[in-house]
Amino acid sequence: MQSTSVVIPTCNRASLLADSLKSVFAQTVQPDEVILIDDGSTDNTPDVAARYPQVRYVRTENQGKSAAINLAMTLMTGTRLWVVDDDDIACPDALQKLGAALDANPSAGFSYGRHDRFTDPANGGERVWQDTGYWRDGHPRDFLIATMEDMFTHQSGMLFQKTLLDATGPFDTGLKRSVDYDYILRAARISTSVACPAIVFHQRQQLLGGGVFHFLECQLGIVQLCLDQQLGVAGA
């Protein structure tokens, strides 16, 4: 029997967290548990969490997103993991569709779906919507190369088998950015995947701290490491 643990790592995003939690609890297929890791927030995140008594709320000192997810992975009881970013909004049928894709492809280590994007103007104006943007359709065997070329699927739209998490290992706490990108590539190196063509979450667009060039530099470094590891395996 499959069961799903939802993990939401958060830090100082109380104003956005409520929408994320609300969307998780609005699922047509309810998760078996929801773990909220508060990574040392100094805002009213505890008050937001208290509105949802069914949430397993864990507060830690600030150590970063990777450490928060790693902690949650030691606490989860489900056979599948869905990590939802604290500023994203899941579609009501997200878990149903991602789970059905894995059910139909039991050898796959993870399923992934599309997303659209939105921005809330700073002046409080009407929400602005955009489509998925970059997306790659293709055979599951092409997922790793396609993702190395550019990240087109994101954590909030992915459902992982616990067996794959155990094989992949913990998130890299040495990375300050793109920790999900690194993990997706590492998981894709050792597992197959299955695509869900539907939009499964709405991704909030925000300014990149440190700038776009720093963000791209981090991603290029992660891709280079993945290439080095692949070449090492091929040459062994």
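Scroll up a little and you will see the structure.
Residues numbered from 1 in each chain as written. Predicted model: local features only at pLDDT ≥ 70, side-chain atom pairs only at ≥ 80, totals over all residues. Heavy atoms only, no water.

Colleague: Would you take a moment to explain the overall build of the protein for this structure?
Modeller: Within the protein one finds eight helices and nine strands. Per-residue burial for the protein yields a buried fraction of 51% across its 236 residues. Across the protein, every contact between residues at least 6 apart in sequence was considered, and the portion connecting residues at least 24 apart equals 73%. (Helix = DSSP H or I, 4+ residues; strand = E, 2+ residues; numbered from the N terminus. Buried < 20%, exposed > 50% of the residue type's maximum accessible area, 1.4 Å probe, protein only. Contact = heavy atoms within 4.5 Å.)

Colleague: When you look at the environment of Y112 in this model, what are you seeing that I'm missing?
Modeller: Residue position: Y112 is located in strand β6 (residues 110-119). The exposure class of Y112 is buried, given its relative accessible area of 4%. Taking the C-alpha atoms as reference points, Y112 and Q155, 43 residues apart in sequence, are found 8.4 Å from one another. The residues touching Y112, leaving out its near neighbours within four places in the chain, are L98, W135, F143, F152, T153, G157, M158, S193, V194, A195 and C196.

Colleague: So what exactly am I meant to see when it comes to the environment of F143 here?
Modeller: Mapped onto the elements, F143 comes out in helix α5 (residues 143-149). Each C-alpha atom, one on F143 and one on A188, is 7.2 Å from the other, the two residues being 45 residues apart in sequence. Apart from the residues lying within four places of it in its own chain, the contact partners of F143 are F110, Y112, F152, T153, M158, I184, A188 and S193.

Colleague: Before we go on, may I ask you to explain the pattern of salt bridges in this structure?
Modeller: Side chains that carry opposite charge are capable of pairing whenever their charged atoms lie near each other. For the coordinates displayed, the defined rule picks out 13 salt bridges. The residue D19 makes a salt bridge to R204 at a minimum N-O spacing of 3.9 Å. Here D19, found in helix α1 (residues 14-24), pairs with R204, found in strand β9 (residues 193-204); they are 185 residues apart in sequence, far enough to count as distant. A salt bridge links D182 to R186; its shortest N-O distance comes to 3.3 Å. Here the residue D182 and the residue R186 both occupy positions in helix α7 (residues 179-190), the gap between them amounting to four residues, near one helical turn. (Salt bridge = Lys/Arg side-chain N within 4 Å of Asp/Glu carboxyl O.)

Note that all results are geometric; they support no functional claim without further evidence.
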